[in-house]
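Architecture and fold: a report
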Amino acid sequence: MNLKGRSFLTLKDFTPLEIEYLIDLAADLKAKKKKGITGESLKGKNIALIFEKPSTRTRCSFTIGCVDEGGHPEYLGTNDIQLGHKESVEDTARVLGRMFDGIEFRGFKQDTVEKLAKYSGVPVWNGLTDEYHPTQILADMLTLKEHFGTLKGLNFVYVGDGRNNMANSLMIGTSKLGVNFTIIAPKELWPGEELVQLCKAYAAESGSTITISDSVDAVKGADAIYTDVWCSMGEEDKAAERIALLSPYQVNKDMMDKTGKDTTIFMHCLPAVKGKEVTEEVFESAKSVVFDEAENRMHTIKAVMVATLGN
């Protein structure tokens, strides 16, 4: 499959087969790395890593993935370049596109990463925006596949803030890949209707379902329960309001037991606020695969760079 020259901005832009290809490529690269085998597909390539928001997993994943494949990563924080301040995003994109072979962006506006892709002329990868977090979804799906052997027909439940970038992206990814998806959230934090309808169309094609509920009883039958922080970066002023609204939706032992399955796993994109969206008991339990997901960020991000830019 040829994805050369493509940007990776949202999973909406990729077919189920293309997403599966990236997951399988990541699994292959992971197996090779475990044997001490790295590649040279990014040899001679320079990659710009733009970070408006700080990061542990995304920054380390792009850096290691790039170096493993022979490329050179260059970190560009908010104080390092003029992006959107003294210089327009369009102009910055055209400058970086003349110097770099690929650009990663992690920040606030989806519009920024889309402009970088439009004007730079090189592959651009979304390391997180307020709307989408597509590289995380690849890591999550790889983790699910490693754990259950397959994706199609799994029951995946997301609990918490149902309209943040994680809920949006998980709904897109699961519906395209044939995973039954449920969001459990208070009605005030349900996802936008337009995205729900789009994903229901994806689900109809893949043979899966989408359910939106405000009842924790909807975790029944879940193979995986997923949550995220109650306040996304930039929303810290809403903390008290969110805690009041989301406390009934904490992932705890009672909720895990409600699935009726002893094989249910717990997932989280990290960092976690233990004692808020998830109890320490569940986070540290044998059912928790959060550090598998964290590691898989690196293998899946490497796969995206190799597939879109590698020789």
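Refer to the preceding data block for the structure.
This write-up is about the structure you can find in this document. (Residues numbered from 1 in each chain as written. Predicted model: local features only at pLDDT ≥ 70, side-chain atom pairs only at ≥ 80, totals over all residues. Heavy atoms only, no water.)

Looking only at helices and strands, the protein chain features 11 helices and 9 strands. Expected size for 311 residues packed as a compact globule is a radius of gyration near 19 Å; at 19 Å, the protein chain falls within 12% of this value. Taken along its principal axes, the extent of the C-alpha atoms in the protein chain is 55 × 45 × 35 Å. The burial tally for the protein chain puts 56% of its 311 residues in the buried class. (Helix = DSSP H or I, 4+ residues; strand = E, 2+ residues; numbered from the N terminus. Rg over C-alpha atoms; globule rule 2.2 N^0.38 Å. Buried < 20%, exposed > 50% of the residue type's maximum accessible area, 1.4 Å probe, protein only.)

Across the sheet, which stays open at both edges, the 4 strands sit in the order E2-E1-E3-E4 with parallel pairing between neighbours. The open sheet has two free edges, formed respectively by strand E2 (72–77) and strand E4 (124–128), since each of these has just one partner strand. On average, each strand axis in the sheet is tilted by 20 degrees relative to the strand beside it, whichever way the strands run. Bridge count between strand E3 (residues 102–106) and E4: 4 bridges; the pairing is parallel. Each bridged residue has a counterpart across the sheet, and for Glu104 the counterpart in E4 is Trp125. Its contacts with the sheet put helix H4 (residues 110–120) on strand E1 (46–51), E3 and E4, and the angle it makes with E4 is roughly 165 degrees. (Pairing = 2+ DSSP bridges. Axes fitted to C-alpha atoms, helices over the stretch in contact; angles between N-to-C directions. Contact = heavy atoms within 4.5 Å.)

Attention now goes to the nonpolar core. Grouped together as the largest cluster of nonpolar side chains are 56 residues, with contacts concentrated most on Met141, Leu144, Phe156 and Leu170. If you tally residues by element for this core, the top one is helix H11 (residues 290–309), at 7 residues. Aside from chain neighbours lying at most four places away, what touches Leu170 is Ile137, Asp140, Met141, Phe156, Tyr158, Phe181 and Tyr226. Ranked by size, the runner-up nonpolar core spans 20 residues in total, among them Trp230, Phe266, Val278 and Phe283. (Core = buried A, V, L, I, M, F, W, Y, C linked by side-chain atoms within 4.5 Å.)

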